[in-house]
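# A closer look at the structure
If you want the building blocks of each chain, they are given just below.
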Amino acid sequence: RQVDLEFMSFADFAQKKRRCASDQGDGFAYYLWGVVLRRDCAGQFEGCNFGSAIDDLLLNGPHWHTLEKLRSAGGWGEFRQAQIFIGCRNALTPCHYDLVHNVYAQVRGWKRFVLFDPCYADCLYPYPVAHPMDRCARVDLEQPDYKRFPKLQ
């Protein structure tokens with residue numbers, strides 16, 4: 001499976017996503033990832049250029065109370081960053097691990113998660129540290145190659 005990284009405007013992404021949703025796409029499953037909000041060096045939050053109205057809502061909106069309750073209940077550390085992920089039908093997120101806690105909200109459609117106990121990490125053959133994909137597995141869980149990755153069985 002080939003994965004290409006393509007930089008484009010949000011308008012171009014939205015147009016490709018609409019075409020994909022109406023079965024008139026180009027055969028690719030587009031997936032948007034972006035940082036929405038982050039804590040700067042001084043400990044203050046900054047929006048990430050989604051426009052002043054959206055940045056203001058992110059910085060001052062009513063969601064902070066809910067996020068703080070989740071953080072406290074989970075015993076998580078300080079909130080540092082919020083990201084957004086938007087996918088099209090058939091978009092596949094590679095098997096990976098995250099360095100921080102996550103709160104996931106599905107707005108439309110569905111997503112299947114496959115979770116592994118961290119003790120099985122070696123069986124997923126992660127890329128070496130400092131590799132551009134060092135938090136991702138080298139195995140393809142959709143089409144496993146047990147000869148190449150025998151610990152996966």
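Refer to the structure printed above.
I will try to describe carefully the structure that is included in this document. Here the structure is a predicted model, which is why all the values come from computation and not from measurement.

A few words now on the pattern of salt bridges. Under the criterion given, the structure shown has three salt bridges. Taking the shortest distance from any N to any O, the salt bridge between Asp 98 and Arg 135 comes out at 3.4 Å. Residue Asp 98 is found in the segment after β3 (81–87), and its partner Arg 135 is found in the segment after β3; the two are separated by 37 residues along the sequence. Note on Arg 135: relative accessible area 29%, which makes it partly exposed. A salt bridge links Glu 142 to Arg 112, with the shortest nitrogen-to-oxygen separation between them at 3.1 Å. Linking Glu 142 in the segment after β3 with Arg 112 in the segment after β3, this pair joins segments that are 30 residues apart in sequence. What makes Glu 142 partly exposed here is its relative accessible area of 42%. Residue classification places Arg 112 among the exposed positions, given a relative accessible area of 56%.

Scoring rules and cut-offs
Residues numbered from 1 in each chain as written. Predicted model: local features only at pLDDT ≥ 70, side-chain atom pairs only at ≥ 80, totals over all residues. Heavy atoms only, no water. Salt bridge = Lys/Arg side-chain N within 4 Å of Asp/Glu carboxyl O. Helix = DSSP H or I, 4+ residues; strand = E, 2+ residues; numbered from the N terminus. Buried < 20%, exposed > 50% of the residue type's maximum accessible area, 1.4 Å probe, protein only.

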